[in-house]
Amino acid sequence: MAFTLLYSLCGAGFALLQLLAPVTARPIARSTSSSTLVALQFANVLEQLESTFYAQALQKFNQSDFTAAGFASAQVPLQQFQAIFQDESTHTTTLQSAINALGGQTISNCTFNVTSLLTDVPTMVAAARLVENVGVSAYLGALTLINDTVLSTAVATIMTVEARHQTILNLLAGATAIPQAFDVALNPSEILALTGGLISGCNLGIPANVPLKVNNSGPIQAGTNLDFTSAALDGTIPVENLSCQFLAGGLPVAISQPLSNCSVPANVTGSMLVFVTNSSQPLANNIRDAATGTIVAGPTMIFIDNQQDALAIAARPGLNSTVTTNGTSSATTSFAAPTTVTLTPATSSTVASGTVTSSVTSTSQTMAPTTVTNNWTAVTRTISPSEVSSILASAVTSMGSG
């Protein structure tokens, strides 16, 4: 089976081979739900997307491109991107074998449109960071769909590697390696709102949330008023009935604000998901209780980079960065990495000062130099992930009030 293959390919996976041996030896005896196959198929498509992205990036950019983007040595990012590409390729092959062993079919006819993410090294690095952060949320969500403990454990071994990629890309982007103590799980429909614009030519069998794009072109920090574009913001729902909601790791519920006055909350570093909803009721930070029926558009993902790790500075000393100290922003000049990367096609309508204006724009992917967008979905029992989220959320709340 695929997970056996993964470790065969790596030459160091005998334990996982043993773990999944019953699936390989007796696939008919194992009960596999349709949601399990959907989760594996969806994860495999995302791994194909990641593999395509890294393969094209490594083919396009040379050492001088990386040094020109502010890296101290081209070997620093190249070594990491090559390792990540190898991991994603192995994950793809492994998941394909797992799906086949369980009697399913791999979705293999997708086209991945990543050219717009590869205009230059700064854009590529920012896009890679977004992709890896989305990947972690996707695997967290996918785990809730898998009804087999052995399979969920095996998939979790991929998710932990994706989290390592996430950390590396945070550093290569010149930010904080581990900005939050928790990550956020997203369901597949939410993930497709972030990545669906890059995938075409295949039927995933999963409805996508309406994409949401942040139009701001400058650095996004606490207090920044956000301006959005989305096909869903067409005036059908009055703007006074819409809310923007910010969700980050460790928050028990989203921070809800009127869409007409949507500003980035304080005291958050790292990735933050933004939704537009038709209710001011905060979205719960767990898949079971999130009230996704109120979501009008999104999520999109933004990064709040208000501090840099020493490792990030050492790896990329030439990166233009804005650092806030005692409430004062100071910028160094050099190479600016995009803080806004849109993985979905540009769609319609803008919200500004409480007014929604609809317009028709191109369906090609856009890369604005300043923001990021992302999404995903759901595992098994003893304690379900949603219950774990509730427990963790309660613990965070207690710590915050203590």
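Coordinates for the structure precede this section.
Since this is a predicted model, take the numbers as computed values, not measurements. (Residues numbered from 1 in each chain as written. Predicted model: local features only at pLDDT ≥ 70, side-chain atom pairs only at ≥ 80, totals over all residues. Heavy atoms only, no water.)

Caption draft 1: Fine view of the pairing of strand β5 (residues 243–247). Burial of β5 is extensive: five of the five residues sit out of reach of the surface. With burial as the criterion, each face of β5 is covered, one bearing Ser243, Gln245 and Leu247 and the other bearing Cys244 and Phe246. Here four bridges tie β5 to strand β6 (residues 255–258), and the two strands are oriented antiparallel to one another. Along β6, the bridge assignment pairs Cys244 with Gln257. (Buried < 20%, exposed > 50% of the residue type's maximum accessible area, 1.4 Å probe, protein only. Helix = DSSP H or I, 4+ residues; strand = E, 2+ residues; numbered from the N terminus. Pairing = 2+ DSSP bridges.)

Caption draft 2: Spatial organisation of the state of the cysteines. With the rule as written, the count across this model stands at two disulfides. Covalently, Cys110 is tied to Cys202 through a disulfide, its sulfur atoms 2.0 Å apart. Its torsion about the S-S bond being 100°, the disulfide of Cys110 and Cys202 is classed as right-handed. In this pair, Cys110 sits in the loop between α5 (75–101) and β1 (111–112) while Cys202 sits in the loop between β2 (199–200) and β3 (213–214), placing the two residues 92 residues apart along the sequence. At a sulfur-sulfur separation of 2.1 Å, the disulfide partner of Cys244 is Cys262. (Disulfide = S-S within 2.5 Å.)

Caption draft 3: Local environment of the packing of helix α3 (residues 34–60) against helix α6 (residues 121–143). Two numbers describe how α3 lies on α6: the axes approach to 11 Å, and their chain directions differ by 165°. By the angle class used here, α3 and α6 are roughly antiparallel. Considering the relative orientation of α3 and α6, their crossing is left-handed. Taking contact as the criterion, the partners of Ala39, Ala43, Leu46, Glu47, Glu50, Phe53, Tyr54 and Ala57 in α3 are, on α6, Met124, Ala127, Ala128, Val131, Glu132, Ala138, Tyr139 and Ala142. (Axes fitted to C-alpha atoms, helices over the stretch in contact; angles between N-to-C directions. Parallel < 35°, antiparallel > 145°, perpendicular 65-115°, else oblique. Left-handed = near helix turned anticlockwise from the far one by under 90°. Contact = heavy atoms within 4.5 Å.)

Caption draft 4: View of the nonpolar core. Formed by 50 residues in total, the largest nonpolar core has its most connected members in Phe53, Phe66, Phe81 and Met124. Among the elements of the structure, α3, α5, α6, α7 (149–172), α8 (188–195), β7 (270–277) and β8 (295–304) are those that each provide at least two residues to this core. Those residues within four positions of Phe53 in sequence are excluded, and the remaining contacts are Val114, Leu117, Leu118, Met124, Ala127 and Ala128. With 23 residues, the next largest nonpolar core counts Ile220, Val239, Ala297 and Ile302 among its residues. (Core = buried A, V, L, I, M, F, W, Y, C linked by side-chain atoms within 4.5 Å.)

Caption draft 5: Quick look at the pattern of salt bridges. Tallying each qualifying case throughout the model produces two salt bridges. Between Asp305 and Arg129 there is a salt bridge; the shortest N-O distance is 2.9 Å. Residue Asp305 is located in the loop between β8 and α9 (310–315), and its partner Arg129 is located in helix α6; the two are separated by 176 residues in the primary sequence. With a closest N to O distance of 3.0 Å, Asp289 and Arg288 form a salt bridge. Classification of Asp289 by relative accessible area gives partly exposed; the value is 36%. (Salt bridge = Lys/Arg side-chain N within 4 Å of Asp/Glu carboxyl O.)

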